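Descriptive structure summary
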Amino acid sequence: MNWIILIIAGLMEVGFTFCLGKTKTTTGPEQYWWWTGFLVALSLSMFLMSKAAKSIPIGTVYPVWTGIGAVGAVLVGIIFFDEPTGFWRVFFITTLIISIVGLKMV
């Protein structure tokens, strides 16, 4: 169950990254809603990560959480913010995913 909580925490990190990206492209009241989404997702992410750390070693929790967020942020950037995709970017993101899976297996 704590692994599921950790995955959700990582997805919340992706959520706050997306909201942060949207704050750069909006103005006025709409921007405040994205900032609110950022703060809610950030709070949930931290809360869930700390909950998962009660039974999973912090040396595993933090890299997995960060890895999910990093991979998700890159994908959000590519899909929603027209960031470039290149061989090396895809290569290193794939390497990161393999590392996260390796931590889960160890």
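One can find the structure itself at the top, above this paragraph.
Residues numbered from 1 in each chain as written. Predicted model: local features only at pLDDT ≥ 70, side-chain atom pairs only at ≥ 80, totals over all residues. Heavy atoms only, no water.

1. Section: the pattern of salt bridges
- A complete count under the given rule lists 1 salt bridge for this structure.
- The partner of Glu83 in a salt bridge is Arg89, and the shortest N-O contact between them spans 3.1 Å. (Salt bridge = Lys/Arg side-chain N within 4 Å of Asp/Glu carboxyl O.)

2. A look at helix H3 (residues 58-80)
- The end-to-end C-alpha separation of H3 is 31 Å, in line with the 33 Å expected for 23 residues at 1.5 Å each.
- Residues Thr60, Val61, Val64, Trp65, Gly67, Ile68, Gly69, Val71, Gly72, Val74, Val76 and Gly77 constitute the buried set of H3.
- In this fold, the buried residues of H3 make contact with helix H1 (2-23), helix H2 (28-52) and helix H4 (87-105).
- Just downstream of H3 lies Asp82, where phi reads positive at about 55°. (Helix = DSSP H or I, 4+ residues; strand = E, 2+ residues; numbered from the N terminus. Expected span 1.5 Å × (residues − 1). Buried < 20%, exposed > 50% of the residue type's maximum accessible area, 1.4 Å probe, protein only. Contact = heavy atoms within 4.5 Å.)

3. Observations concerning the environment of Phe81
- Position of Phe81 relative to the elements: it lies in the loop between H3 and H4.
- On the basis of relative accessible area, Phe81 is assigned to the partly exposed category, the value being 25%.
- Separated by 79 residues in the primary sequence, Phe81 and Asn2 place their C-alpha atoms 32 Å from one another.
- Phe81 has contacts with Phe18, Gly21, Lys22 and Val76, leaving out every residue within four places of it along the chain.

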